[in-house]
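Examination of the molecular architecture
Each chain, letter by letter, is given below.
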Amino acid sequence: MKPLLDVQELTIDVHTPRGTLTAVSDISFSIAPGETVCLVGESGSGKTIASKAIMRLTDYENGRIAGGSITLGETALQSLPASVMRGIRGKRIAMIFQEPMAAFDPVFTIGHQIAETMRAHRHGRGAKLWKEGAELLRRVGIPDPELRMKQYPGELSGGMLQRAMIAMALSGEPELLIADEPTTALDVTIQAQILDLLNELKDSLGMSILLITHDLGVAAEMADRIVVLYAGKIAEQGPASELLRSPRHPYTIGLLNSIAALDSRPGEPLRAIEGSPPGLSDMPSGCRFHPRCAFATDRCRESVPPLEELGGGRLAACWNRGEPAVLAAAGSIGGRRVPAAQAAAGRDTPAEQPPKPRLAALPGAPLEAAPALTSPLLEARDLVKHYPLGGGWGRPKRKVHAVDGVSLSIAEGETFGLVGESGSGKSTLGRLLLQLEPQTSGQVLYRGEELSLKDKARWRASRRDLQIIHQDPYGTVDPRWSIGDIIAEPLGVHTELSPSARRAKVGELLEQVGLSASWQNRYPHEFSGGQRQRIGIARAIAVNPRFILADEAVSALDVSVQAQIVNLLQDLQGRLGLTSVFIAHGLQVVRHISTRIGVMYLGKLVEIAPGEELFRSPAHPYTRALISSIPGSGAGVRESFSVRGEIPSPTSPPSGCRFHTRCPLATDLCRKQEPAFSEIGAARAVACHYPL
Amino acid sequence: MKNSAAIAKSVAERSAAAPRREGRRKAGRRFRFGAAELLTGLAVLTVVFLAACALFPRLIAPFSPTDMNTAAILQAPSSIHFFGTDYFGRDVFSLVVYGTRDSLLIGVSAVAVGVLIGGTIGALSGYIGGRTDTVLMRLIDVLLTVPGILLALAIAAALGPGLRNIVLAIAVSSVPGYARVMRGQIMTIRKRGYVFASRALGARPSAVLLKHVLPNSLAPLLVMATLGLGTSILAGAGLSFLGLGVIKEIPDWGALLSQGRGYLTVAWWICTFPGLAITLFVLSVNVIGDHWRDAVDPKRKGRG
Amino acid sequence: MLQAISSRVISSLLVIVGSLTLVFCIFYLLPGDPVLSMVDPTSVSPEVIENLRHQLGLDRPFHERLLAYFGDMLTGDFGRSIVGSEPVLPKILAQVPATLLLTAASALIAVAVGVSLGVLSAVRKGGIIDFVARVVGLFGISMPTFWSGILLILIFSVQLRLLPAMGSDGFATLILPAVALGFVGAGSIVRMVRGSMLDVLNEPFVTTLRAKGLREGSVNYKHALRSALIPAVTLIGMQIGDMLAGTVIIETVFSRQGVGRILADAIMAKDLPVVQGIVFFTAILYVGINLLVDLSYAAIDPRVRRKGA
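Just so we're clear, the structure is a prediction, and the values are computed from it rather than from any experiment.

1. Considering the sheet that holds strand β11 (residues 308-311) of chain A
Residues and elements named next belong to chain A. Pairing in this open sheet of eight strands is mixed, and the strands run β6-β7-β8-β3-β9-β10-β12-β11 from one edge to the other. Sheet topology places β6 (93-96) and β11 at the edges, where each strand pairs with a single neighbour. Mean inter-strand twist for the sheet, computed between neighbouring axes without regard to direction, equals 20°. With five bridges connecting them, strand β3 (residues 36-40) and strand β8 (residues 208-213) associate as parallel partners. Residue pairing for β8: L39 is matched across the bridge by I212.

2. Quick notes on the sheet that holds strand β13 (residues 376-389) of chain A
All names here are of chain A. Pairing is antiparallel across the open sheet formed by four strands, whose spatial order is β14-β13-β16-β17. The sheet is open, and its two borders are formed by β14 (398-411) and β17 (449-450), each paired with just one other strand. Pairing of β13 with strand β16 (residues 441-446) involves five bridges; the strand directions are antiparallel. Across the sheet, the residue bridging to R381 is Q443, located in β16. Sheet strands in contact with helix α15 (residues 426-433) are β13, β14 and β16, and its direction is about 120° off that of β13.

3. Quick word on the side chain of B:H81
Note that B:H81 resides in the loop between α3 (57-60) and α4 (92-128). With near-sequence residues (within four places) excluded, B:H81 lies in contact with B:F63, B:A72, B:Q75, B:A76 and B:D91.

4. Some thoughts on the pattern of salt bridges
Under the definition given, this model contains 46 salt bridges over all chains. The salt bridge partner of A:K672 is A:D668, with a shortest N-O separation of 4.0 Å. In this pair, A:K672 and A:D668 are both assigned in helix α25 (residues 668-672), four residues apart and thus about one turn of the helix distant. Residue classification places A:K672 among the exposed residues on the basis of a relative accessible area of 66%. You can call A:D668 partly exposed: its relative accessible area is 46%. Each member of the salt-bridge network shares a partner with another, and the members are A:E116, C:K212 and C:K222.

5. Re the interface of chain B and chain A
Taken residue by residue, the interface counts 24 residues in chain B and 27 residues in chain A. When chain B packs against chain A, close to 2,300 Å² is buried across both sides, 56% of that on carbon and sulfur atoms. Along the contact surface separating chain B from chain A lie zero salt bridges. In this structure, the connection of chain B to chain A is made through ten residue pairs in polar contact (both at pLDDT 80 or more). Ranked by residues supplied to the side of chain B that touches chain A, first place goes to helix α8 (residues 193-200) of chain B with seven residues. Looking at the side of chain B that touches chain A residue by residue, the classes come out as nine nonpolar, seven polar and eight charged.

6. Remarks on the packing of α4(B) against helix α7 (residues 163-190) of chain B
Residue and element names in this part refer to chain B. As a packed pair, α4 and α7 sit with axes 5 Å apart at the nearest point and diverge in direction by 35°. α7 is crossed by α4, and the crossing has right-handed handedness. Residue classes in the contact of α4 with α7 are distributed as 21 nonpolar, eight polar and two charged.

7. Some points on the interface of chain C and chain B
By a widely used convention, the size of an interface equals the accessible area lost when the partners come together. The interface is formed by 56 residues belonging to chain C together with 55 residues belonging to chain B. Both faces combined, the contact of chain C with chain B buries some 4,800 Å², and carbon together with sulfur accounts for 73% of it. Counting across the chain C and chain B interface gives one salt bridge. In this structure, the salt-bridge partner of C:R191 is B:D290, at a minimum N-O distance of 2.8 Å. The tally of links between chain C and chain B comes to six residue pairs in polar contact (both at pLDDT 80 or more). Among the secondary structure elements, those contributing two or more residues to the side of chain C that touches chain B are α1 (2-28), α6 (128-142), α7 (145-159), α8 (171-201), α10 (216-253), α11 (259-268) and α12 (272-300) of chain C. For the side of chain C that touches chain B, the element with the highest residue contribution is α10(C), accounting for eleven residues. For the side of chain C that touches chain B, the class distribution of residues is 38 nonpolar, twelve polar and six charged.

8. Observations concerning the packing of helix α4 (residues 110-121) of chain A against helix α5 (residues 126-139) of chain A
Residues and elements named next belong to chain A. At a minimum axis distance of 9 Å, the contact between α4 and α5 shows a crossing angle of 115°. Classified by the angle between their axes, α4 and α5 sit roughly perpendicular to one another. Relative to α5, α4 is oriented so that their crossing is right-handed. Contact residues: α4 offers G111, H112, I114, A115, M118 and R119, while α5 offers G126, L129, W130, E132, G133, L136 and L137.

Criteria and thresholds
Each chain has its residues counted from 1, following the order in which its sequence is written. All chains are assigned letters beginning with A, and all ligands numbers beginning with 1, in the order in which they are written. The predicted nature of this model means local features are confined to residues of pLDDT at least 70 and side-chain atom pairs, given and counted, to a pLDDT of 80 or more, with totals for whole chains, interfaces and linings taken over all residues. The basis for the side-chain values is all heavy atoms of the structure; hydrogens and waters are excluded. Two strands are said to pair when DSSP picks up at least two bridges between them. Note on conventions: DSSP H or I runs of at least 4 residues are helices, E runs of at least 2 residues are strands, and numbering of each starts at the N terminus. Interaxial angles span 0 to 180 degrees and are taken between N-to-C directions of axes, which are lines fitted to C-alpha atoms, for helices over the stretch in contact. Residue contacts follow a heavy-atom distance rule, with two residues in contact if any of their heavy atoms lie within 4.5 Å. Should a side-chain nitrogen of Lys or Arg be within 4 Å of a carboxyl oxygen of Asp or Glu, the pair is scored as a salt bridge. Classification of residues uses two cut-offs on accessible area relative to the type maximum, computed with a 1.4 Å probe and protein chains only: under 20% is buried, over 50% is exposed, and between them is partly exposed. Buried area is calculated as the accessible area (1.4 Å probe) missing from two parts once they are joined, with the contributions of both summed. N or O atoms within 3.5 Å of each other form a polar contact, as long as, within protein, one can give a hydrogen and the other can take it, and as long as residues adjacent in sequence are counted only when both atoms are side-chain atoms. Gly falls in the polar group here, along with every residue not listed as nonpolar (Ala, Val, Leu, Ile, Met, Phe, Trp, Tyr, Cys, Pro) or charged (Asp, Glu, Lys, Arg). Note on convention: the crossing is left-handed when the near helix lies turned anticlockwise from the far helix by less than a right angle, right-handed when the turn is clockwise. Angle categories are assigned with fixed cut-offs, so that under 35 degrees is roughly parallel, over 145 is roughly antiparallel, 65 to 115 is roughly perpendicular, and the rest are oblique.

This is the structure:
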């Protein structure tokens, strides 16, 4: 079939203050009518700029198409005059973006912006366009479309805005929709809804989709074909199911390995790719992946591997793709470790059962048993945190119910995972546990004694035992301090070490987290995201704490780097005998690292269970919804258990069970009476009238 | 003063939004009408030259500013009198050179006093917060109800003429701008992750303030002080021009200009050159301030 | 909307009370003795000074004086001029129209030049208009008005003999002072609008607008300009206030009638009641201008309107 879009040997230069850099070199791929192609890559892979180049949006952003061709149907886009190109944008090709909040003009109504798009491409009376716009909003599942048309972007939630953005994109009836990380900024349950919507629209409207993502799970769920980009070049491409089942490029193999798969063995180190993706200005010679590749040879260092046809629509750019070691590594993935692959495979051959977890097959893994519940190290008793909101001028005072009555105890030696979507209060709960802010009511006990911000001396002393690893590894270090000083800060606060002893200790710590002891005098900006998180970890363990709170500690990192950090954390935890709470919105990571997991929804703890059990048999409908929202877990599962709508505002949580507004199983009882948080077996508890 | 509060706002917002690349700025920025560096270099040279005039006028001026040469009254610029002579036969070039000292002194001291007072108020307000913040900021708001130049004028008028009073008047009228920038900056930095991190690991509040908050808050204030130096010099010259200045044998630039106004139709040079000196100096200071602000704020990089 | 307006008006009234207090503090609390600035102590007997103090109420306690002062101001009693001994208020009011006219003309020039040049320079960054805008911006904030005014006189009155150098009759006399005063405002506004516009053009939503196939004109002048004006409006308000204050110098340079001129004269003559009256009067005008500016937000930023409703 003739492709709808054909990209051949596309090369894009960007002009920066430091000169012209090549962001994308020589990439070729095509999209057939009705097909979904995913561009998968990490930061710096060039995936976003490539997608913008197709729309020629690079013309406005210091970018230049330096070579190659982009053909839409019969039209060569790369050389079209700007005025003609404008007629194609929004009409034949439409685009949606990562941050729906930032992608609308805040000072015009949604309706105005949709009608304006229509007017750019055809004539029509205002009232008629407005009506069509409302119809489009209805089409993408927005309730009260007439009202929404009149609202400003700031008045809608992120999920709603992304739907509106899709509606706006549809207004020109495009042949191709480019979606640049359309769900990255959204919560998982909303992400699932948006992905479903895109799939449904594609099927019913027969358009093609070019989906840009960093998430192989999303790619597996959506893609007919996948193009893996690394450092501005294509590493590999092919039909989704085959590419995921038997990757041919060591980078793809590594990426798939990095994902903490649903059936990976908790505690077992993930197979991470070393290092981090290169920047535009320091591209390695030869194969750009060679510095991070376990199979690299001299040939990889010296010459660039061509992208070669492998038959069956598959291509890969690797000198060693035929080497037994690479094949073996690829084979070890074999559709087993990766939910993504299962999903894709499942769609091709629906009869195939997802393989069973192979726990016993892995030698030398630590024992699965949860640690004997010794005395609790940290305990929360009925913690409540309300943040007051505005008010005044006759308006009623409101408050955000961030944490609303949470009791919890963390046993010595355990790793407690805390999951929930935005607004669930998980981070607030974490900060309350460490007493980094005062609670509205309730108590925190550390080793059985009350820990409070009021008792200043004890509080300060307790900091030596209770440390934290932050989400944003750059924002949480002072840019003016050298990393030696940064790591030594807790030593200065809690110990009397001499400067030379401190330096020695810092050197030791740096090596412990996999950095070089000689880097003490460097500054944070000289490091990559993963390295900065290692610095944050070194600081946290500097004073030999008993407890560490990891607050979304890997969320901001590239997929291939996340695995390294998870491994480092697990390793340190074992070696130093740490207790920890691991907060994340990524469920797989939590499952991999935690012995017990707590699920939060709108300020309440709704379920606690040992990690494996939680995933195998969730008791709370919300937990089940979360698990089935994981992209790549298969559309089949999700349809049987999807949640409707959006997370309600934490300023006015619903009555009764807070989940009832979205729960497919809710009854009158759920609306009226709040379920108690009660035990349902060994080490399990759930707050639901009708546990699953 | 003139646009201090606006600069304040933009500086505060810019640095609040500053993405994290501080430190890695190379001076490779280009712009299309010649290099920004060239312009800044010229500006620095100008400032250095005028500073030399202020410090060592004797070495630069060919005549004494009090020298009245009755044989050469109201002479047009020539190779002997570069800027011509005035009604008393004084050499205008020498007058401008000698006038530099008071002109710059007013500007520099007013900025120093203003930054000190404003910075302190802003820092206290931002750091303590709560009621202290409300009270201090209301006071600042009150100061802002009168346009800067008028406030300076009123204060100078009430205090009477004199160098010290002019400095004080200009300083007070510039306090709100500096206070707001500093407050905004402190409040922004306080919310930064590294301050939270430092607190979380047990550092004392005083240590957090001294080691993290203050050092990271100062850059925008200093940038603003640079741009404020231009404004203060203009204000000082303006007050002098209106007769609130220092009544001395050697007039500063504003007073010189004011004196020359009477001879506008017969001797354009008496007014023109002191004004040129003011403009050159203020222009240079603004160019340097702009350059520095762009360097401090990576978001503005490459903006030219 | 109504609520938003009324709350703005109330806070403006509070601000006026604040400025009233400020003016009082400046003239009655600062170390300079108003009596000593009225009379020469070497030539007048101490009794006369004491008498004058009592007349002015300077021997009463602070709060009484402040209250009396508030009362006077609110009833329009600004006192009498020391020099001409006529009441201050009518003296000021007679000059207000001339000064407002000059301020309005300058503001018009400043806003028209500032906004259009700022926007064009951002849209055509690096072009010739951008160069002009940056020159205007830098010189505008760097040139003292008394000097640019004098240069204008030298060029257009002395050399070219096109426009009158002084006076305040008719449109022709308005041109040079309005240009001199407007140029300063234009400088600040150009810089602000240019920066703000460049910021907005970097926003992600601009990419969306282009991806929708909108014309560049629509992207720049319909969407980006509106967002860019929101922060610029505050500055424009302050600039107009500064131009109002700047009339002190400009009216002197161009020998025009106006509030600024009598202020300059009063300062030279140490006529404090007049100075004080004018400062207070200007503060009220300034607050009024800023109130108008705040209200104009509602026209530019619909979110403000929505919030008030």
